[in-house]
Amino acid sequence: MKISIVGSGYVGLVTGACLAELGFRVILVDVVLDKVEKINKGISPVYEEGLDRMLRKNVGNGRLHATTHLEKAVNGTVVTFICVGTPSRKSGEIDLSQVTGAASAIGKSLKNKKGFHTVVVKSSVVPGTTENVVAPLLEKNSGMKAGKDFGVAMNPEFLREGRAVEDFMNPDRIVIGAMDQVSSEALERLYSKFRCPVLKTTPGTAEMIKYASNAMLATKISFVNEIGNLCKKLGIDTYEVAEGMGRDSRIGRQFLDSGIGYGGSCFPKDVRAISAVSRRKGISLHVLESVEDVNNEQPMKMIELLRKRMPVLRNKTVAVLGLSFKPGTDDIREAPSLRIVKALVAGGAKVKAHDPQAMENFKKVFRKVEYCGSTEDALESADACLLLTEWPEYKELEDSDFKQMRGKIIIEGRRILDSKKVKKFEGICW
Ligand code: NAD
């Protein structure tokens, strides 16, 4: 089966590389020429463990290539995935312009295509989008009928950045919301090597499964952050509480790590989007509204803690370790670090930052920050240190690493420092 993928960002690129690895021929499409050229050289435009190796191998053996020519890609394949971005609008609703643009262009390409073609929406879209927006656009631009002349399906993606390749290759479940039988079977064949449950449902339900899943995970995070805030006041170890709670199989240990809150390109925008859909329908999702409020407040607690110890930030040097929204990625979209660094800069502090992967992306937002090639450089002469991302290398830090700081203030937003190695530090919830 030959596959084309429209949108070669985190999801499209990983989907393409993994499907090529599974033996399919894949054409990646993107509007950004630089990305296309990098992919064709076997270089990943984003950082993701294992992706470079997979790209090199599959570009090398000819199973994968990238192009800016969408029509050619659609014509040479039988299934096209839509993996373009669905960012937030100011209102919280998703901006569907990339999806509608891709659907219109695919529709036009289908006009002259011979044989049955399936279009699969993999981008996260709110319930109803595949059937009421994508399918009609494909019909309008192709002059053909969905379900009869071509197929349409929704197949949400659950991979986590930082572990995207591993997650794609080892899914917990596959969800297929097809409008027609041929498309449903094509997707089942595509994923036949995976040993996991396959849930077949309607496109709307598939779309809702994705949003409800992310909303649930975000809820767990905000819930445990509130528990963590209370534990700090009560002098209780929130991580011990998490261990005790996590042993309950109905609760589970994952996503119970108190800290500075969630970020990234999915949870924040998906929580906002499903709340916006709900408001349109005249219903308030009270829990999710609070989840968002807690998450907006949580990073600022780092600044509150810092100001308690260092009331005046002006002309003080603050080392910030970790910029990406989580370890294993260079993605800084909606990372808590953005709000924390903004507050530090607004307060007049000099920020020295380090991150193993995300500094290039951060530079595009904050030019005035001093970017350091090592943690040692970042800590040199700093009055305070804020630890924001749980990169494994920060777990190794010990007292001697902090010696070159001018001040003694170390505050961590993720539970990573080892109290046996670092004597004095404070945690956001501990
Ligand atoms: P991204 O912004 O990294 O990538 C989107 C890509 O689409 C970009 O490279 C952009 O240039 C390209 N593009 C836009 N319009 C195009 C067009 N008309 N033709 C060709 N290419 C076009 O986004 P992402 O993080 O990969 O997310 C994609 C979708 O998957 C979103 O809906 C997101 O919510 C969802 N999702 C993301 C993740 C994740 O961890 N990033 C996980 C699951 C689902």
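Summary of the structure given here. Small disclaimer: the values here were computed from a predicted structure and weren't measured.

### Some thoughts on the overall build of the protein
Within the protein, the secondary structure is distributed over 18 helices and 14 strands. Across its three principal axes, the protein shows a C-alpha extent of roughly 70 × 50 × 40 Å. Within the span of the protein, comprising 430 residues, buried residues form 55% of the whole. Restricting to contacts in the protein with at least 6 residues of sequence separation, those with at least 24 account for 73%. On the protein, roughly 19,400 Å² of surface is accessible, and the fraction owed to carbon and sulfur atoms is 52%. Where the 65 positive side-chain charges of the protein centre and where its 53 negative ones centre are 3 Å apart.

### Examining a nonpolar patch on the surface
A grouping of Leu 230, Leu 234 and Ile 236 is seen on the molecular surface, where their side chains present a nonpolar patch of about 290 Å² in accessible area. Structurally, the position occupied by Ile 236 is in the loop between α9 (203–234) and α10 (238–246). The exposure class assigned to Ile 236 is partly exposed, which follows from its relative accessible area of 40%.

### Some thoughts on the sheet that holds strand β11 (residues 370–371)
Taken in spatial order, the 6 strands of this open sheet run β11-β10-β9-β12-β13-β14, and their pairing is parallel. For this open sheet the edge positions go to β11 and β14 (426–427), each flanked by a neighbour on one side alone. Here strand β9 (residues 317–321) runs beside strand β12 (residues 384–387); their pairing, made up of 4 bridges, is parallel. Residue Val 318 lies in a different strand from β12, and its bridge partner there is Ala 384.

### Structural notes on unusual backbone geometry
Phi at Phe 255 takes a positive value of approximately 65 degrees, unusual for a residue other than glycine. By relative accessible area, Phe 255 is classed as partly exposed at 25%. Unusually for a residue other than glycine, Asn 315 sits at a positive phi of about 65 degrees. Relative to the helices and strands, Asn 315 is located in the loop between α13 (300–309) and β9.

### Section: the site of the ligand
Residues in close proximity to the ligand total 26 residues, the closest being Asp 30, Lys 35, Thr 86, Glu 161 and Lys 269. At 2.7 Å from a nitrogen atom of the ligand is found a side-chain nitrogen or oxygen belonging to Glu 161. A distance of 3.4 Å is found between a nitrogen atom of the ligand and a side-chain nitrogen or oxygen belonging to Ser 265. Relative to its unbound accessible area of 840 Å², the ligand is 88% covered by the protein chains. Here the residues of the shell around the ligand are counted per class, giving 10 nonpolar, 9 polar and 7 charged. Structurally, the shell around the ligand is a two-domain feature, drawing no fewer than three residues from each of domain 1 (2–201) and domain 2 (211–297).

### A word on the nonpolar core
Ranked by size, the top nonpolar core spans 41 residues in total, and within it Ile 82 and Ile 106 carry the most contacts. Inspection of this core shows a minimum of three residues originating in each of domain 1 (2–201) and domain 2 (211–297). Ignoring sequence-local partners within four residues, the contact set of Ile 106 consists of Val 6, Leu 70, Val 74, Thr 80, Ile 82, Val 119 and Leu 138. In this structure, Ile 3, Val 14, Ala 17 and Leu 19 belong to the second largest nonpolar core, which totals 40 residues.

### Considering the sheet that holds strand β1 (residues 2–6)
Within a sheet, adjacent strands bond to each other through the backbone by hydrogen bonds, running parallel or antiparallel. If you trace the 8 strands from one edge of the open sheet to the other, you get β3-β2-β1-β4-β5-β6-β7-β8, paired in mixed fashion. Since the sheet does not close on itself, it has two edges, and those belong to β3 (64–67) and β8 (198–201), each with one partner. Sheet twist, expressed as the mean angle between neighbouring strand axes with direction ignored, is 25 degrees. Sheet topology note: the strand β6 (residues 151–154)/strand β7 (residues 174–178) ladder contains 2 bridges and is antiparallel. Pairing of Met 154 across the sheet is with Gly 177, part of β7.

### Topic: the state of the cysteines
Overall, the coordinates contain 0 disulfides when judged by the stated rule. The thiol sulfur of Cys 372 is not disulfide-bonded, and the nearest other cysteine sulfur, from Cys 385, lies at 11 Å. What makes Cys 372 buried here is its relative accessible area of 4%.

### Things to note about the packing of aromatic side chains
Using the criterion set out here, one finds 6 aromatic pairs in the structure. For the pair Phe 168 and Phe 194, a centre-to-centre distance of 6.2 Å together with 80 degrees between the ring planes defines the contact as edge-to-face. Separated by 26 residues along the polypeptide, Phe 168 in helix α7 (residues 164–169) and Phe 194 in the loop between α8 (181–190) and β8 bring together distant segments of the chain. For the residue pair Phe 168 and Phe 194, the accessibility class agrees, reading buried in each case. Seen from their ring centres, Phe 255 and Phe 267 are 6.2 Å apart, and the 45 degrees between their planes marks the pair as tilted. Linking Phe 255 in the loop between α10 and α11 (267–280) with Phe 267 in helix α11, this pair joins segments that are 12 residues apart in sequence. By relative accessible area, which is 14% here, Phe 267 ends up buried. For Arg 173, the ring lying beneath its charged end belongs to Phe 158, and the centroid distance is 3.6 Å.

Rules behind the numbers
- Residues numbered from 1 in each chain as written.
- Predicted model: local features only at pLDDT ≥ 70, side-chain atom pairs only at ≥ 80, totals over all residues.
- Heavy atoms only, no water.
- Helix = DSSP H or I, 4+ residues; strand = E, 2+ residues; numbered from the N terminus.
- Buried < 20%, exposed > 50% of the residue type's maximum accessible area, 1.4 Å probe, protein only.
- Contact = heavy atoms within 4.5 Å.
- Areas by Shrake-Rupley, 256 points an atom, 1.4 Å probe, with all protein chains shown as cover.
- Lys, Arg positive; Asp, Glu negative; His and termini not counted.
- Charge placed at Lys NZ, Arg CZ, Asp CG, Glu CD.
- Patch = residues over 30% accessible without salt bridge, like charges linked within 9 Å, V, L, I, M, F, W, Y side chains within 5 Å.
- Salt bridge = Lys/Arg side-chain N within 4 Å of Asp/Glu carboxyl O.
- Pairing = 2+ DSSP bridges.
- Near = heavy atom within 4 Å.
- Polar contact = N/O pair within 3.5 Å; in protein donor to acceptor, adjacent residues only side chain to side chain.
- Nonpolar A, V, L, I, M, F, W, Y, C, P; charged D, E, K, R; others polar.
- Domains from an automatic or database assignment.
- Core = buried A, V, L, I, M, F, W, Y, C linked by side-chain atoms within 4.5 Å.
- Axes fitted to C-alpha atoms, helices over the stretch in contact; angles between N-to-C directions.
- Disulfide = S-S within 2.5 Å.
- Phe/Tyr/Trp six-rings, centres within 6.5 Å; stacked < 30°, edge-to-face > 60°.
- Lys NZ or Arg CZ within 6 Å of the ring centre and 35° of its normal.

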